Amino acid sequence: MERIVVDRHLDAGFKYEIAERPGGENIRKCFACGTCTAGCPAFHADHEYNPRRIIRMILLGMREEVLASPAIWLCHQCYACSANCPQDVDFSHIMMAIRDIAVREGRHPKDRLSRVEEITLLANEFRRDCIKLLTGEDGITDDAIRERVEKTIRLARNGENDDG
Ligand code: SF4
Ligand code: SF4
């Protein structure tokens, strides 16, 4: 039997709010094929983060759940979803809009975006150094890599208690 969602907290206007944002124009064209999720590196690292599911939540009007979710910070902003979507849904920009709204409405700290960007940069540098170790390039030391990892952890921990 088809399940009907009835919830007085649903916000039917949320999809229109997102559609008005740059990149959000095509969100209602999503037909839930899952191509975005299949190619998403954040999904492959953590299945709690699922672009197709987030889009369904937006279309259903689950505004509070989406904006308050810690998972919205797992997106790498890599644009793979936007590039591969057969319906031209630009989910990468939709995720930017969600983060922007969430911060403006005080659901997440103002510096969250800059911290996430710094962590992403450090993580990419960590990966680069490990690949250079793997390929035998000179000039990469274990200590330099450990220092980068510790810096990343400090950056993440300094922001761990500032939600709300
Ligand atoms: S790839 Fe596009 S159409 Fe398919 S689920 Fe993702 S957003 Fe929807
Ligand atoms: S931009 Fe975000 S949601 Fe899209 S594929 Fe990359 S990590 Fe996944």
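Everything in this summary refers to the structure shown in the same document. (Residues numbered from 1 in each chain as written. Chains lettered and ligands numbered in written order. Predicted model: local features only at pLDDT ≥ 70, side-chain atom pairs only at ≥ 80, totals over all residues. Heavy atoms only, no water.)

### Focus: the overall build of the protein
Spelled out, the test is: Where helices and strands are cited, they refer to DSSP runs of H or I of at least four residues and of E of at least two residues respectively, numbered from the N terminus. When a residue's accessible area, from a 1.4 Å probe over protein chains only, is under 20% of the maximum for its type it is buried; when over 50% it is exposed; and in between it is partly exposed. Surface exposure here means Shrake-Rupley accessible area, sampled with a 1.4 Å probe, where a residue is shielded only by the protein chains that are shown.
Assigned secondary structure in the protein consists of nine helices and zero strands. Reading the secondary structure of the protein in the N-to-C direction produces α-α-α-α-α-α-α-α-α. Along the first, second and third principal axes, the C-alpha set of the protein runs to 60 × 35 × 35 Å. Each of the 164 residues in the protein was classed as buried or not, and the buried ones make up 36%. Carbon together with sulfur atoms contributes 52% to the accessible area of the protein, which is approximately 10,400 Å² in total.

### Here's the deal with helix α8 (residues 112–134)
So the rule is basically this: Helix span is expected to be 1.5 Å times the residue number reduced by one. Throughout, a residue-residue contact means that at least one pair of heavy atoms, one from each residue, lies within 4.5 Å.
For α8, with 23 residues, the first-to-last C-alpha span of 33 Å sits near the 33 Å given by 1.5 Å per residue. Those residues of α8 that are buried lie in contact with α9 (142–158). Immediately beyond the C-terminal end of α8, within one or two residues, lies glycine 136, with a positive phi of roughly 80°.

### Regarding the site of ligand 1
We count it as follows: Throughout, the term near means that a residue has one or more heavy atoms lying within 4 Å of the molecule or strand in question. Throughout this entry, Asp, Glu, Lys and Arg are counted as charged residues, while Ala, Val, Leu, Ile, Met, Phe, Trp, Tyr, Cys and Pro are counted as nonpolar. The remaining residues, Gly among them, count as polar.
In the vicinity of ligand 1, the contacting residues are Cys30, Phe31, Ala32, Cys33, Gly34, Thr35, Cys36, Ile55, Cys85, Pro86, Gln87 and Val89. When the residues that make up the shell around ligand 1 are grouped by side-chain class, the tally is nine nonpolar, three polar and no charged.

### Describing the site of ligand 2
Around ligand 2, the surrounding shell holds 14 residues, and the nearest of these are Cys40, Tyr49, Cys75, Cys78 and Cys81. Elements with a contribution of two residues or more to the shell around ligand 2: α3 (41–45), α6 (80–84) and α7 (91–104).

### Considering the nonpolar core
Filter applied, for reference: Side-chain atoms within 4.5 Å link the members of a nonpolar core, which is a set of buried Ala, Val, Leu, Ile, Met, Phe, Trp, Tyr and Cys residues.
One finds Tyr49, Ile58 and Ile98 to be the most contacted residues of the largest nonpolar core, which totals 32 residues. For this core, the elements supplying multiple residues, two or more each, are α1 (14–19), α3, α4 (51–60), α5 (63–68) and α7. Among residues more than four places away in sequence, those in contact with tyrosine 49 are Cys40, Ala42, Phe43, Ile54, Ala71, Leu74, Cys75, Phe91 and Met95.

### Points about the pattern of salt bridges
Rules: Salt bridge criterion: a side-chain nitrogen from Lys or Arg within 4 Å of a carboxyl oxygen from Asp or Glu.
This structure, assessed with the given rule, holds twelve salt bridges. Residue arginine 63 is joined to glutamate 105 by a salt bridge in which the shortest nitrogen-to-oxygen separation is 2.7 Å. You can see arginine 63 sitting in helix α5 and its partner glutamate 105 sitting in the loop between α7 and α8, a full 42 residues away along the chain. Of the residues examined, arginine 63 reaches a relative accessible area of 11% and is grouped as buried. Judged by relative accessible area, glutamate 105 falls into the partly exposed class, the value being 36%. Here aspartate 100 ties to arginine 104 by a salt bridge, and the two come within 3.5 Å at their closest N and O atoms. You can see aspartate 100 and its partner arginine 104 sitting in helix α7, four residues apart, about one turn around the helix. A residue is classified by how much of its surface remains accessible, and arginine 104, at 56% relative accessible area, is exposed.

### Let's talk about a nonpolar patch on the surface
Put simply, the rule reads: Nonpolar side chains (Val, Leu, Ile, Met, Phe, Trp, Tyr) within 5 Å and like charges within 9 Å form the patches, drawn only from residues with over 30% relative accessible area and no salt bridge.
On the surface, Phe126, Val149 and Ile153 cluster together to form a nonpolar patch covering roughly 220 Å² of accessible area. Residue position: phenylalanine 126 is located in helix α8. Owing to a relative accessible area of 33%, phenylalanine 126 belongs among the partly exposed residues under this scheme.

### So, unusual backbone geometry
Of all residues except glycine, most have a negative phi; of all peptide bonds, most are trans. A positive phi angle, near 60°, is found at alanine 32, a position not held by glycine. Its place among the elements puts alanine 32 in the loop between α1 and α2 (35–38). The phi dihedral of tyrosine 79 falls on the positive side, at around 75°, and the residue is not glycine. Structurally, tyrosine 79 can be placed in the loop between α5 and α6. Take tyrosine 79: its relative accessible area is 36%, and that puts it in the partly exposed class.

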